[in-house]
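Structural description and commentary
If you want the building blocks of each chain, they are given just below.
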Amino acid sequence: MKVTAKAHPNIALVKYFGKKDSKNVLPYNDSLSITWEGLETVTSIEPADGFYFLMNGKDASSEDKAKVNAFLSRFSKAPLNVLIRSTNNFPTAAGLASSASAFAALSVAANRYFACDFDKQTLETITRKGSGSAIRSLYGGANRFNRDGHVTHVDASLEDYRLFVILVDDSKKALSSREAMKRVVRTSPLYKAFVNNANEHVSLLSDALVKEDFTKVGSISEENALAMPGAMLAANPPIRFMNDASFAAIRLVDAMKHEGFEVFYTMDAGPNVKMITKSRDADSLKKRASKAGFTILGPFKPSKEGARLI
Ligand code: PMV
């Protein structure tokens, strides 16, 4: 029987970047993200005469196939005679957290397809082995990925939040987050500072979200937004995911702030910039940013739902 699941990407405001324990995917620092609807991965599993994996309708690379096969072997010890179809409605591997929604959807689909019925803790343990950040896409709203490898939901009202992606480049990135993380942990003299700073910021951000203090949420997020690219720039050899257009997009967000918009930006392991604003500013902000010549995706609303069967 075919099983289909859907999940949304989450965008971290305080980022996870580096594993203290690679085997178990335990992060050096706590992180906190919001899951967004509108951006989504839909993944199905169905019986087949061998192992097949179609990503956005095309045969996946042998590397991705091997990764998904290894992941699914945590759900079934029997030979994997299945066809997996995974489709994103947004650019894959361009720093838009596609691996997060992909592995969250795959986990939930596999849990049902292979009749595992794993509990929350077990499903989190497996999911984060596919992609660390995927653990946060198992849930809607705001979620912490803690150093112990599990998730704490942050009970905050996010109704008023809207996300835009300032799309500066939708090509697949040359270096995976996984490889970038390893190099940063090993070689960046700024890594320790990044970790300490993130651990402090997670609790402050969580409080600000609960108190619905948008300004504080924005200032903490922006303080953290460039810490990760900063630690990457200091790695050896340096990792430069951001490009000139990313900096131009950040300058635009700063300019809009000065014009009175309530808005802040955040980055991921890629060149695209995300900005978060309040619902009442969303339309005029999109017009303003588009007029400045940027390609804007959104607005996206926070998702109340996490990964689920459909
Ligand atoms: O999901 P992974 O293990 O590839 O890690 C990606 C982590 C970042 O997206 C770069 C940051 C984060 O916290 O989401």
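Just so it is clear, the model here is predicted, and its values are computed rather than measured. (Residues numbered from 1 in each chain as written. Predicted model: local features only at pLDDT ≥ 70, side-chain atom pairs only at ≥ 80, totals over all residues. Heavy atoms only, no water.)

Considering the environment of Leu163
Assignment of secondary structure puts Leu163 in strand β12 (residues 161-167). Each C-alpha atom, one on Leu163 and one on Ser86, is 24 Å from the other, the two residues being 77 residues apart in sequence. In this structure, Leu163 is in contact with Ile11, Trp36, Leu39, Lys274, Met275, Ile276, Leu297, Gly298, Pro299 and Phe300, ignoring residues within four places of it in sequence. (Helix = DSSP H or I, 4+ residues; strand = E, 2+ residues; numbered from the N terminus. Contact = heavy atoms within 4.5 Å.)

Here we look at the nonpolar core
If you look at the biggest cluster of nonpolar residues, it comprises 46 residues, and the most contacted ones within it are Phe17, Leu72 and Phe75. Per-domain counts for this core show at least three residues from each of domain 1 (3-156) and domain 2 (161-300). Core analysis: the second largest hydrophobic core is formed by 28 residues, Leu96, Val165, Ala198 and Ala208 among them. (Core = buried A, V, L, I, M, F, W, Y, C linked by side-chain atoms within 4.5 Å. Buried < 20%, exposed > 50% of the residue type's maximum accessible area, 1.4 Å probe, protein only. Domains from an automatic or database assignment.)

Some remarks on the sheet that holds strand β15 (residues 295-300)
Across the sheet, which stays open at both edges, the four strands sit in the order β13-β14-β12-β15 with antiparallel pairing between neighbours. The open sheet is flanked by β13 (263-267) and β15, the only strands paired with a single partner. Adjacent strand axes in the sheet meet at a mean angle of 25°, parallel and antiparallel pairs treated alike. Sheet analysis places β13 next to strand β14 (residues 273-278), joined by five bridges and oriented antiparallel. Bridge pairing in β14 links Thr266 to Lys274. Strands in contact with helix α7 (residues 214-225) are β12, β13 and β14; relative to β13, the strand with the most contacts, it is inclined by about 30°. (Pairing = 2+ DSSP bridges. Axes fitted to C-alpha atoms, helices over the stretch in contact; angles between N-to-C directions.)

Considerations on unusual backbone geometry
Asn236 connects to Pro237 through a cis peptide bond whose omega is -5°. Position of Pro237 among the secondary structure elements: in the loop between α8 (227-233) and α9 (244-258). A cis amide bond, omega 10°, links Gly298 with the succeeding residue Pro299. With respect to the helices, strands and loops of the structure, Pro299 is situated in strand β15. With a phi angle near 55°, Asp117 is a residue other than glycine that sits in the positive phi range. Relative to the helices and strands, Asp117 resides in the loop between α2 (98-113) and α3 (120-130). The exposed category is assigned to Asp117, whose relative accessible area is 69%. Phi is positive for Glu212, close to 55°, though the residue is something other than glycine.

These results come straight from atomic positions and should not be treated as a statement about function.
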